[in-house]
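# Residue-level structural notes
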Amino acid sequence: MASVHESLYFNPMMTNGVVHANVFGIKDWVTPYKISVLALLYDMTASKTTLPERRRLNKLILPLQQGPDLTLVQFLKTVEECCPQTAYAVKQRLQEMADGELKDMEYFFSTLPTPFTAFDSEAYKTSVVGLFMRHMLLAYNKLSFSQVYKLYKSLQLYYHSHYAKPADGRVCLPTLVADDSDMDLTSTEDTVGDRIDREELDTTLLESELRNDNTPSSGPLSQKQAEYFLARQAYLLKNDENKALKPAALQEELNNMLKFNPDFAEAHYLNYLNSMRVQDIFLSAHGLLHYFDRLILSGNEGKSNGDEGYGRSLRYAALNLASLHCRFGHYQQADLALQEAVRIAQESNDHVCLQHCLSWLYTLEQMKGSDSTVLTEDSVKMAAHFCLPYLASLGIQSLVQQGATQGKTAHKLMDALKDTDILHWKHSLSELIEISLAQTTSIWRMYGKSTMALQQAQLLLNMSSLEQVNFGVHQNNTEAFAVALCHLAELHAEQGLYSAVSDILQHLKEQFPPHSQHAKLWMLCDLKIQFDRHMNEGKYHLAEPLVTAISALNKTEGLYRKAQVLKALNRSTEAYSVLQRLQVHCERTKCTEVVIRVMLSTAELHWESCGFSTALPLLLQALALARQHHLQSLASETILHLAFTQLMLGVPEHALSVLHEAIEPVLAHGSVMDKGRALLLTARCQMAVAGFRPNGQGQADLPLAGLAVDTLNEAAGYFSKLNCKERLRDVHYLQALLHRSLGQTSHCHKSAMLFRLLDQELQSPAPPVSMRL
């Protein structure tokens, strides 16, 4: 990055013509602030700075030149952050001019080393710095004596306002005594007629200060400065929303701009983006429609593309309107807007626009819950035909997502993602690389491979962006990063690392404020983690209120957790009714994961009425579904349920052999709760196979009983990590029985005491150990 900014200072080829237009095509003035920038450039050339300081200063030059005028306090603070020594030298130079006489300012301009007068100047003639110096010197030399005097007085006021602030504490930019137009580059005589013409042509806009988002507007903006402000805010909204102005403050600035210039198309577009931040459908549609109206009326498209520009704006306006309605869930309006965009694109034979329409069409079908595989495949083929790698890659990623829900094998999906990754790196599509990594993380979690999911999430979070990043932005506020961080939070919660979960969620809340587009992701993640924690700890009264909040964000998750709470509160009839309703809904929407979980919860309800044989068909159906869709974690959980059912039906040997199939993936990839439940069930099967009887009758297999004791101790460690006291009470109860059967009196008394303490603390009757997994 440093070499690029150094090129802007020294290399004329980096200007690409844009700087020429900004400097000479738009009016500008010699202001005290611009003199401060010249002083900065003077001292950068004269003083000796380290290479890191020089790089930081070079990166600062362009924002200082193109941005709105700053107060001296803000200017010196900005420079001081890069190089304190240079900031002090600039302040001293300004003080010499402000506290001296007019000849001191004259001397400064006469001795300013420019690339046109000094052969040893570091700045090239046509570089950004060289053009800026030339522009300022030409403007200064055109000033009459009275104008130079007014400029000097303004410089004094600008400098001394650094020390003398108004009573209300607000720092205001000093204004010239006479009109600013007197110091226009094209001005030779300040005639009244010329001033009136210039005032009519030069529409000034209000500014917000460049680096202090909390301060109000404090002066006029030129057209160039307004464009810079809009470009900067739009860039920040895309890459790092937290560094942009707050929605209300930005809206106020935009309203001020549009009040002075209602036909400012870019301001309407930024208004659209700002309204999207707060999910305001009315203002979003209003801003978007006004943007395309002004774009067409201004004739910019027509000038650049002939008569075709008018139709191009219309079809892309319809396409953007369709995407807006898609985002807000207005599928009928989105469908109508898409049809309009397709019609206009077909009339104009615009294949690129048609491909975008086709991409949104299969996206819309997915949102409706319809099968869009054929549409997606057609979109990928046509995008590849027209050499549109971005759309082709998006289509392949959509196919991968559909394949994951339809039960495709992991190696096929990963091969497809690998092919798209090659395309991404070839064309430097960093946004799609991030989406691919987030999608891979989600697929591994769905398959139950938590270690692989953790690796992919960390890979995404530690990846450097391929895009050029300005304004000190770290590109980490995209949906892909939000998804990866939510996965990380859930993975840490599954392992009982709640302090790390708290840190991750705090970062998510700071990076994605509640009003932002992707805030719902971490909100739902936070609620689910809290719910699971309360359920594990047996605090059902705290888990129940969370169901309403979860339902507001995701109705399916809310219904499933409502059934869990009702089942835990022994309201089996209500829980069964909710589960049946949820199963019908999920089978219709093809949400296989939730269907399997509903089947497992329904089987647990059958256990409560001792209907173990009734639960077997449900469990076998759930196991077949899990294996068909390669959902290893759900398959392992289903096997645990089958083993428990077999144990209750009196065949512990079969249950233990079935457990050996599931225990390895559970211990490798399962949550702490799953590990503890699996080990507790294993210990109970070992006790049953060993011939253990609670009443002490019969002869138990001592080696196997000892193995059961070790298994229970390991399970107790997992439950302790989650503070799961109800499960710990069950473990201590079984330990006490085992130790008594083995004649280990001291261990028996210890386990009995721990059981008694937990039983008194919970103050609730312990459910029969034989009735739950």
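Treat the numbers as computed from the prediction; the structure is a model and nothing was measured. (Residues numbered from 1 in each chain as written. Predicted model: local features only at pLDDT ≥ 70, side-chain atom pairs only at ≥ 80, totals over all residues. Heavy atoms only, no water.)

### Side note on the overall build of the protein chain
How we decide: For the purposes of this entry, the term helix denotes a DSSP run of H or I that reaches at least four residues, the term strand denotes a run of E that reaches at least two, and both are numbered from the N terminus. Per-residue accessibility, obtained with a 1.4 Å probe over protein chains only, is compared with the maximum for each type, and a residue is labelled buried under 20%, exposed over 50%, and partly exposed between these values. Here a residue-residue contact requires only that any non-hydrogen atoms of the pair lie within 4.5 Å. Accessible areas in this description were obtained via Shrake-Rupley with a 1.4 Å probe; residue shielding takes into account the shown protein chains only.
If you tally the helices and strands in the protein chain, you get 37 helices and 2 strands. Looking at the 773 residues of the protein chain, the share that counts as buried comes to 51%. At a minimum sequence separation of 6, the contacts of the protein chain that also span at least 24 residues come to 66%. Of the roughly 36400 Å² of accessible surface on the protein chain, a fraction of 55% belongs to carbon and sulfur atoms.

### Digging into the packing of aromatic side chains
This is how it is decided: Only the six-membered ring of Trp is used, alongside the rings of Phe and Tyr, when aromatic pairs are assigned; centres must lie within 6.5 Å, and planes under 30 degrees apart are stacked while those over 60 apart are edge-to-face, with the rest tilted.
Counted by the stated rule, this structure contains 8 aromatic pairs. Centre to centre, the rings of Phe109 and Tyr140 are 3.8 Å apart; their planes meet at 5°, and the pair counts as stacked. Here Phe109 is found in helix α7 (residues 102-111), whereas its partner Tyr140 is found in helix α8 (residues 128-141), with 31 residues between them in sequence. Measuring from centroid to centroid gives 4.9 Å for Tyr269 and Tyr291, while their planes differ by 55°, and the two rings are tilted. Taken together, the residues Tyr269 in helix α13 (residues 265-277) and Tyr291 in helix α14 (residues 281-298) connect sequence positions 22 residues apart. When its relative accessible area of 31% is taken as the criterion, Tyr269 is described as partly exposed. An aromatic cluster is defined as three or more aromatic residues linked by ring pairs; in this entry it consists of Tyr269, Tyr272, Tyr291 and Phe292.

### Things to note about helix α18 (residues 351-368)
We apply this condition: Multiplying 1.5 Å by the helix residue count minus one yields the expected span of that helix. Under this definition, polar contacts are N or O atom pairs within 3.5 Å; protein pairs additionally need one hydrogen-donor-capable and one acceptor-capable atom, and for neighbouring residues in sequence, both atoms have to be side-chain atoms.
For α18, spanning 18 residues, the distance from its first C-alpha to its last is 26 Å, which sits close to the expected 26 Å at 1.5 Å a residue. Among the residues making up α18, those that are buried are Cys353, Gln355, Cys357, Leu358, Ser359, Tyr362 and Leu364. The backbone nitrogen of Val352 has a side-chain oxygen 3.3 Å away, supplied by the residue at the start of α18, namely Asp350. Note on α18: the residue one or two positions beyond its end, Gly369, has a positive phi of about 90°.

### Some points on the packing of α7 against helix α9 (residues 145-160)
The condition is simple: Each axis is a line fitted through C-alpha atoms, and for a helix only the stretch in contact is used; angles between axes span 0 to 180 degrees, taken between their N-to-C directions. Comment on the angle field: the value is read as roughly parallel under 35 degrees, roughly antiparallel over 145, roughly perpendicular from 65 to 115, and oblique elsewhere. The classification used treats Ala, Val, Leu, Ile, Met, Phe, Trp, Tyr, Cys and Pro as nonpolar, Asp, Glu, Lys and Arg as charged, and all other residues, Gly among them, as polar.
The N-to-C vectors of α7 and α9 enclose an angle of 100°; their axes lie 10 Å apart at closest approach. Put simply, α7 runs roughly perpendicular to α9. Contact with α7, carried on its side by Leu102, Met105 and Glu106, involves Phe145, Val148, Leu151, Tyr152 and Leu155 of α9 and no other residues of that element. Split into classes, the residues belonging to the contact of α7 with α9 amount to 7 nonpolar, no polar and 1 charged.

### Some points on the packing of helix α4 (residues 51-66) against α8
Rules: The sense of a crossing depends on the near helix, which, turned anticlockwise from the far helix by less than a right angle, makes the crossing left-handed and, turned clockwise, makes it right-handed.
Remark: α4 packs on α8, axes separated minimally by 11 Å, with the N-to-C direction vectors making an angle of 35°. The interaxial crossing formed by α4 with α8 has left-handed handedness. Together, Ile61, Leu62 and Gln65 of α4 and Val128, Val129 and Phe132 of α8 make up the contact between the two elements.

### Section: the side chain of Ser671
Its place among the elements puts Ser671 in the loop between α33 (652-669) and α34 (672-689). Within polar-contact distance, the side chain of Ser671 engages the side chain of Asp674 at 3.2 Å. Among residues more than four places away in sequence, those in contact with Ser671 are Glu494 and Gln495.

### A word on the confidence of the model for the protein chain
What counts here: Each residue carries a pLDDT score, the predictor's own confidence in it, on a scale running from 0 to 100.
Taken as a whole, the protein chain shows an average pLDDT of 79; of its residues, 81% reach a score of 70 or greater. Here residues 165-219 scores under 50 on pLDDT; set against residues more than four positions off or in separate chains, the count is 110 contacts.

### Looking at the pattern of salt bridges
Note the threshold: Salt bridge, as used here: a side-chain nitrogen of Lys or Arg that lies within 4 Å of a carboxyl oxygen of Asp or Glu.
Inspection of every chain in the model, using the stated rule, returns 20 salt bridges. Of the charged contacts, one joins Glu537 and Lys539 as a salt bridge, the two residues approaching to 3.3 Å between their closest N and O atoms. With a shortest N-O distance of 2.9 Å, Arg571 and Glu574 are connected by a salt bridge. Look at Glu574 and you get partly exposed, because its relative accessible area is 40%. Through salt bridges with shared partners, a single ionic network connects Arg445, Glu490, Glu494 and Lys528.

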